[in-house]
Every structure is written in structure tokens, then in C-alpha cells.
Amino acid sequence: MKTARVEEYTALLTKLNGVLANTIDQLQHEATLLENMLAKSRKSFSSSISKATTL
């Protein structure tokens, strides 16, 4: 009985570990996309400021 429960819990923990790993991967991907968007926005903002100060 206890062995079956241990195996069941082990299977659940293994599945949960996979779900968490996928979630972390997705969050890292989203973070990279956001960092790239922020870098582009900063570059665009900097360019706009540069143009405005040379007018």
C-alpha cells in the first residue's frame, strides 16, 4: 500500500517538475521578448530626443 502511494506521489512530482520546467522556459522566452521590445523602445526614444534637440 505504501509503495503504491510512493510511486503515485513520485509520478505526480515528476509530472509537476515537467510542468514547472515548461513554465520557466516560457517565462524566460517572454522575458527575452520584453527585453528586446524595451531595447527597441529605448533606441527609438533616444533617436526621437536626438532629432528634437537638433531642430
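How each quantity is defined
Residues numbered from 1 in each chain as written. Predicted model: local features only at pLDDT ≥ 70, side-chain atom pairs only at ≥ 80, totals over all residues. Heavy atoms only, no water. Helix = DSSP H or I, 4+ residues; strand = E, 2+ residues; numbered from the N terminus. Rg over C-alpha atoms; globule rule 2.2 N^0.38 Å. Buried < 20%, exposed > 50% of the residue type's maximum accessible area, 1.4 Å probe, protein only. Patch = residues over 30% accessible without salt bridge, like charges linked within 9 Å, V, L, I, M, F, W, Y side chains within 5 Å. Areas by Shrake-Rupley, 256 points an atom, 1.4 Å probe, with all protein chains shown as cover. Salt bridge = Lys/Arg side-chain N within 4 Å of Asp/Glu carboxyl O.

Chemist: So, the overall build of the protein chain: which residues are in play, and what are the values?
Modeler: Within the protein chain, the secondary structure is distributed over 1 helix and 0 strands. Against the globule reference of 10 Å for 55 residues, the protein chain gives a C-alpha radius of gyration of 24 Å, more extended than a compact globule. The principal-axis extents of the C-alpha atoms in the protein chain amount to approximately 80 × 10 × 5 Å. Among the 55 residues that make up the protein chain, the fraction classed as buried is 0%.

Chemist: Explain the environment of Leu12 to me, and be specific about the residues and the numbers.
Modeler: In this structure, Leu12 sits in helix α1 (residues 2-54). With relative accessibility at 48%, the residue Leu12 sits in the partly exposed group. Expressed as a C-alpha distance, the spacing of Leu12 and Lys2, which sit 10 residues apart in the sequence, is 15 Å.

Chemist: Can you explain a nonpolar patch on the surface? Please cite residues and give values.
Modeler: A cluster of nonpolar side chains, contributed by Leu13, Leu16, Val19 and Leu20, occupies part of the molecular surface with about 370 Å² of accessible area. By secondary structure assignment, the location of Val19 is in helix α1.

Chemist: Go over the environment of Phe45, please, and point to the residues and values.
Modeler: For Phe45, the position within the fold is in helix α1. It is 52 Å that separates the C-alpha atoms of Phe45 and Thr10, two residues lying 35 residues apart in sequence.

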